[in-house]
Amino acid sequence: MAPRKQNPRKNSGQKRDKSRRFLRFVVKLFIALILVGGVFLSLWIAKLDRDVQQRFAGALWALPAKVYARALEVYEGAPISAEVLERELQRLGYRQERGAPSPGTWYRQGREYLLHVRSFTHWDGREPSGLYRIRIADGQIERVRDGNNHPVGIFRLDAPTIGSFYPDQPEDRILLRYEEAPPLLIDTLLAVEDRRFFEHHGVVPMAILRAALTNLVSGRTVQGGSTITQQLAKNLFLSPDRSYRRKVTEAIMALIMEYRYSKEMILEAYLNEVYLGQDGARAIHGFGLASEFYFGRPIEELSPDQIALLVGMVKGASYYNPRRNPERATLRRNVVLSVMSEEGLIDPNDLGSLQSRELGVLPRPGKAGGNPAFMQLVRQQLARDYSEDDLRSRGLSIFTTLDPEVQYHLEKAVTSTLPAIEKQRNMEPGTLESAAIIVDIDSGEIQALVGGRNPKFAGFNRALDSRRQIGSLIKPAIYVAALSDPTRYSLITPLLDQEITIEQPGSKPWTPRNYDNQFIGEQPLYLALAQSRNVPAVRVGMDIGLDVVSATLESMGVPAPKPFFPSALLGSQELSLLQVTQMYHTLATEGFWMPLRAIRSVLDVDGQPLQRYSMSVQRTLDPAAVYLTNYALQAAVSFGTARSLNTYIPTSIGVAGKTGTTNNTRDAWFAGFTGNRLGVVWVGRDDNGETGLTGSSGALPVWAAAFAALDNRPRNLDAPQGITWARVDIERNARVPDYCDGHLMPFAHGYVPEAVYDCRKQDEGFRWPFGSNEDNTVSPEPRPQSQPDPIEFFRRLFR
Amino acid sequence: MKYILRFTVVAAAGLVLAACAPLPTHQTLPPAPQQAEPAPPPVPDVVVRPLEMPEIHDQPLQRAAPEVIAPQEPTPALRPASPAVVALVNRARLQADTGELDQAAASLERAIRIEPQNALLWLELAQIKLHQGNPSQAEQMALRAVRFATDDRIEREAWGIVALARQSQGDIAGAAEARRKAGQ
């Protein structure tokens with residue numbers, strides 16, 4: 001209400017008095033109104049102030065956790081071929097440029113690569129950027145030098161991104177710190193959007209007036225006149241409508257922000273908040289992410305014309321979308337480049353060439369989350385320590401164990417092998433499904449995981465969520481339990497492959513059968529396992545006790561069925577692929593159980609270490625018994641159920657493996673390990689239907705295709721303590737002298753067969769070591785003469 | 001926090017422990033059945049092949065004590081150390097010396113990924129675990145070292161750590177057994 005002057009009355013003093021009172025009243029009212037209005041206004045401003053402070057108090061945005069694959073380690077002898085290196089550089093968005101002049105570039109000169117590595121914060125510290133020269137020969141790194149040609153022990157590339165955990169409101173950004181923002185970006189942004197940013201107080205009244213005038217003349221809103229601070233206020237707090245009230249609010253908030261916070265902080269917020277595009281449902285906010293999204297590279301590596309494009313897009317990210325509207329985007333970029341030239345930000349002589357450049361944006365929006373199955377595993381493992389909200393909002397960096405190379409080959413193996421099997425067997429295409437995992441043995445790290453035949457499809461994860469009967473894959477558990485009791489079992493203990501009927505309280509008697517429906521009589525233990533005979537396995541299991549087998553399963557890291565029925569000895573138990581992998585991993589490590597890991601460490605938003613998932617080991621099985629079991633599993637590959645593998649993998653690798661086939665060919669399994677990796681593959685149908693495939697015809701080919709492409713170390717570790725080698729006659733279960741035919745086989749220390757069979761004294765046949773005729777032609781523990789083994793000698797000496 | 005190395009034997013010798021010569025080992029393929037299998041591919045009875053053991057190296061030890069051990073040139077008979085592992089072990093020791101035990105463990109795990117069967121790396125990791133107050137993992141890491149030891153000295157060192165670790169877990173009998181194996 002406006003104050004109004006009272007007209008003086010000339011009449012009586014009474015009237016004068018009256019009017020004076022009235023005047024006093026009006027003045028009081030006026031003051032009261034001003035006070036009340038002021039109170040309301042101050043309340044409103046206080047509320048806006050609170051809003052601003054609240055927003056700035058914590059993290060400004062919900063930052064999705066970023067998930068990284070392993071960083072590639074480069075060192076002399078690393079199994080990195082030229083092909084592997086170039087694939088990795090492509091994943092990381094490095095570009096080829098003569099001389100590799102700046103971080104994120106590489107150049108090849110013959111066998112030598114020049115690599116200009118980006119700086120990157122790993123869990124254990126920052127790896128600085130730097131130039132390296134590496135030479136590759138025969139599929140491995142031959143030499144590593146730095147830019148000055150000095151030898152380098154080891155360096156790491158940056159870790160490739162494999163995905164993010166997005167919040168419900170799918171905005172995404174890569175946080176860009178003010179100090180880390182390229183000066184050219186800031187200068188250009190200010191030159192185009194707000195020249196006097198560092199001088200004004202958040203609002204420039206003249207600019208607003210000028211804009212208002214222009215709008216009045218043109219009859220519509222064409223000019224904003226907004227400062228960067230006002231734009232930020234609008235983006236952070238206000239709806240996009242253009243009313244005067246909103247304009248006032250925006251101005252007040254801008255003033256508040258300027259009063260409360262530094263210019264740098266406001267600018268940093270702006271750099272990260274500005275909207276620069278859309279990737280499906282995901283909104284692209286900030287220059288950091290926009291750089292990755294359009295150019296596949298960090299903002300520090302952009303050229304002036306690329307910076308000009310991004311700054312130009314602030315005016316309208318979809319109108320100037322360089323992918324959809326390249327002409328408009330080019331025009332806008334060139335306008336910005338001209339401004340840069342006028343402001344002296346770039347050399348005017350370069351203007352022409354910069355303006356004639358291609359836009360240089362990636363054809364497709366950045367790298368999409370290509371590893372959904374592995375990401376599910378990461379989420380599962382993180383759920384123990386972090387809430388869903390942490391993952392979606394705290395900007396964590398999660399370093400995983402995924403090896404993109406191994407993953408690439410495993411995916412390729414699945415996607416190429418299944419159609420081939422279907423075609424070969426005249427099956428309906430697309431009916432087979434598969435899941436597979438590959439693990440690094442000594443670290444227990446999961447390097448690759450496939451959850452279905454379409455690995456890019458984020459659907460049902462057959463590696464984690466599907467439980468299937470494991471069939472013969474259980475047998476090593478039975479045999480490792482048996483071999484842990486060397487008083488009763490060795491690799492050449494004869495087992496009976498003959499019909500057996502087992503009475504079960506409360507259910508029908510059970511008569512297990514072999515896969516081929518035949519019985520072959522007596523057979524040494526290692527052959528029974530290598531050829532996956534059912535009946536001997538059941539007999540052994542019944543002999544040592546179901547409770548022992550059950551406990552052994554638990555020692556291998558998987559839950560045993562409860563109650564444990566005899567039929568569980570043939571693998572009626574259902575396990576997930578991950579559990580089976582855990583079980584076989586304990587064999588591959590010779591009895592050391594390590595929880596399989598998908599995550600190495602977690603950093604917070606400032607790059608500070610939050611948590612490390614360190615390697616953890618527990619010896620749960622007798623290493624000697626596992627060694628003997630693995631020997632039999634190697635036999636399964638040499639000539640047993642998995643012998644077809646020898647076509648793909650050199651026998652010198654000495655793969656140990658086990659096939660598994662469940663009732664009526666519903667599930668085909670293969671678990672196998674080399675000296676450095678363990679792989680487990682399942683092939684079957686989602687409807688649990690019959691496939692006609694066995695472990696060796698269905699799952700093994702996938703395993704073979706994957707491992708044929710990997711660097712495999714041979715399984716050639718010296719036998720562990722507690723193993724003694726002896727030359728034996730297997731059928732006679734007896735030792736033989738060196739001059740007789742026989743096989744060198746491992747035994748638990750102190751449990752080589754006592755009987756000796758001497759081929760030169762056939763009349764006498766067996767000779768007992770403690771018998772009457774000791775002629776010392778056979779030492780108590782015969783060692784192969786060609787095999788002097790001083791270490792073993794010392795081991796025994798010091799045991 | 002000072003990281004006190006317990007490689008007494010190794011350190012006293014002032015060794016630049018380079019790789020051991022390749023050790024012969026038993027690498028036998030399991031014998032194929034005589035007749036049980038219809039047509040097994042021929043498998044040689046015994047295939048013996050030298051084992052390419054992981055290289056085991058050590059650097060001149062950076063000790064808490066001020067005494068300087070002059071770096072020695074490896075004798076020509078010894079193979080040069082793998083630079084990657086040497087670099088990582090040095091890094092781990094520096095980190096341990098400044099009290100960054102978790103970082104040191106991470107560096108050692110990197111080295112183990114490169115040479116998983118290098119007993120010295122497991123030994124070193126066992127030491128870190130001891131210092132971190134995690135004797136149960138120290139024991140397990142030392143048992144890995146025992147498993148991969150190619151050298152009696154290292155094996156006894158490993159048993160020594162097993163003994164310490166068991167002792168601090170209250171496993172008196174286990175500690176005594178380990179000490180016996182360590183020759184203490």
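Residues numbered from 1 in each chain as written. Chains lettered and ligands numbered in written order. Predicted model: local features only at pLDDT ≥ 70, side-chain atom pairs only at ≥ 80, totals over all residues. Heavy atoms only, no water.

What about the overall build of chain A?
Alright, step 1. In terms of helices and strands, chain A carries 22 helices and 35 strands.
Alright, step 2. The C-alpha atoms of chain A give 37 Å as radius of gyration, which overshoots the globular expectation for 799 residues (28 Å, by more than 25%).
Alright, step 3. Counting only C-alpha atoms, chain A reaches 155 × 70 × 60 Å along its principal axes.
Alright, step 4. Residue burial in chain A is summarised as follows: out of 799 residues, 55% are buried.
Alright, step 5. Contacts in chain A between residues at least 24 apart in sequence constitute 66% of all its contacts with a sequence separation of at least 6.
Alright, step 6. Charge centroids of chain A, computed over 93 positive and 89 negative side chains, lie 13 Å from each other. (Helix = DSSP H or I, 4+ residues; strand = E, 2+ residues; numbered from the N terminus. Rg over C-alpha atoms; globule rule 2.2 N^0.38 Å. Buried < 20%, exposed > 50% of the residue type's maximum accessible area, 1.4 Å probe, protein only. Contact = heavy atoms within 4.5 Å. Lys, Arg positive; Asp, Glu negative; His and termini not counted. Charge placed at Lys NZ, Arg CZ, Asp CG, Glu CD.)

Notes on the pattern of salt bridges
Alright, step 1. Tallied over the full model, the rule gives 65 salt bridges over all chains.
Alright, step 2. Here A:Arg195 makes a salt bridge to A:Glu343, at a shortest N to O gap of 2.5 Å. Highlighted residues: A:Arg195 in the loop between helix 3 (183-193) and helix 4 (205-218) and A:Glu343 in the loop between helix 10 (326-342) and helix 11 (351-355), separated in sequence by 148 residues.
Alright, step 3. For A:Arg195, a relative accessible area of 53% gives the class exposed.
Alright, step 4. Residue A:Glu590 is joined to B:Arg147 by a salt bridge in which the shortest nitrogen-to-oxygen separation is 2.3 Å. Of this pair, A:Glu590 sits in the loop between helix 19 (577-588) and strand 24 (592-593) while B:Arg147 sits in helix 5 (residues 135-148), on two different chains. (Salt bridge = Lys/Arg side-chain N within 4 Å of Asp/Glu carboxyl O.)

A word on empty space enclosed by the protein
Alright, step 1. Throughout the structure, instances matching the rule amount to nine cavities of 30 Å³ or more.
Alright, step 2. Estimated volume of the second largest cavity: approximately 250 Å³.
Alright, step 3. Along the wall of the second largest cavity there are 21 residues; nearest its centre are A:Trp123, A:Arg156, A:Arg600, A:Ser601 and B:Arg113.
Alright, step 4. For the lining of the second largest cavity, the leading source of residues is helix 3 (residues 101-114) of chain B, giving four residues.
Alright, step 5. In terms of residue class, the lining of the second largest cavity is made up of seven nonpolar, three polar and eleven charged. (1 Å grid on protein atoms, 1.4 Å probe; cavity = no way out; pocket = protein on both sides within 12 Å on 5 of 7 lines; lining within 4 Å. Points joined across faces, edges and corners; volume = space filled by probe spheres on them. Nonpolar A, V, L, I, M, F, W, Y, C, P; charged D, E, K, R; others polar.)

Here we look at the state of the cysteines
All names here are of chain A.
Alright, step 1. Counted according to the given criterion, the structure contains one disulfide over all chains.
Alright, step 2. Each sulfur in the disulfide pair cysteine 740 and cysteine 759 lies 2.0 Å from the other. The disulfide joining cysteine 740 to cysteine 759 has a torsion of about -95° about its S-S bond and is therefore left-handed. Here cysteine 759 lies in the loop between strand 34 (756-757) and strand 35 (766-767) and cysteine 740 lies in the loop between strand 32 (734-735) and strand 33 (743-748), a separation of 19 residues in the sequence. (Disulfide = S-S within 2.5 Å.)

With respect to a nonpolar patch on the surface
All names here are of chain A.
Alright, step 1. A contiguous nonpolar surface patch, about 520 Å² in accessible area, is contributed by Leu23, Val27, Phe30, Ile31, Ile34 and Leu35.
Alright, step 2. Looking at where phenylalanine 30 falls in the secondary structure, it is placed in helix 1 (residues 13-57).
Alright, step 3. The exposure class assigned to phenylalanine 30 is partly exposed, which follows from its relative accessible area of 31%. (Patch = residues over 30% accessible without salt bridge, like charges linked within 9 Å, V, L, I, M, F, W, Y side chains within 5 Å. Areas by Shrake-Rupley, 256 points an atom, 1.4 Å probe, with all protein chains shown as cover.)

Digging into the sheet that holds strand 14 (residues 282-285) of chain A
Residue and element names in this part refer to chain A.
Alright, step 1. Taken in spatial order, the three strands of this open sheet run 12-14-13, and their pairing is mixed. The open sheet terminates on both sides in strands that have one partner only, identified here as strand 12 (171-172) and strand 13 (275-279).
Alright, step 2. Bridging between strand 12 and strand 14 involves two bridges; their strand directions are parallel. Opposite aspartate 172, over in strand 14, you have isoleucine 284 as the bridge partner. (Pairing = 2+ DSSP bridges.)

Structural notes on helix 10 of chain A
Residue and element names in this part refer to chain A.
Alright, step 1. An ideal rise of 1.5 Å per residue puts 24 Å on 17 residues; helix 10 measures up with 24 Å between its terminal C-alpha atoms.
Alright, step 2. All buried positions along helix 10 are accounted for by Ala329, Arg332, Arg333, Asn334, Val336, Leu337, Val339, Met340 and Ser341.
Alright, step 3. Those residues of helix 10 hidden inside the fold are in contact with helix 3, helix 9 (304-313) and helix 11.
Alright, step 4. Following helix 10 by one or two positions, glycine 344 adopts a phi angle in the positive range, close to 75°. (Expected span 1.5 Å × (residues − 1).)

Thoughts on the pairing of strand 30 (residues 677-684) of chain A
Residue and element names in this part refer to chain A.
Alright, step 1. Along strand 30, eight of the eight residues are buried, which leaves the element largely enclosed by surrounding structure.
Alright, step 2. Burial along strand 30 is two-sided: Arg677, Gly679, Val681 and Val683 facing one way and Leu678, Val680, Trp682 and Gly684 facing the other are all buried.
Alright, step 3. By the bridge criterion, eight bridges tie strand 16 (residues 433-440) to strand 30 in an arrangement that is antiparallel. Bridge pairing links isoleucine 437 to valine 680 in strand 30.
Alright, step 4. Pairing geometry for strand 29 (residues 667-673) and strand 30, over seven bridges, is antiparallel. Along strand 30, the bridge assignment pairs tryptophan 669 with tryptophan 682.
Alright, step 5. Remark: three residues form the turn of the hairpin made by strand 29 and strand 30, two consecutive strands paired antiparallel.

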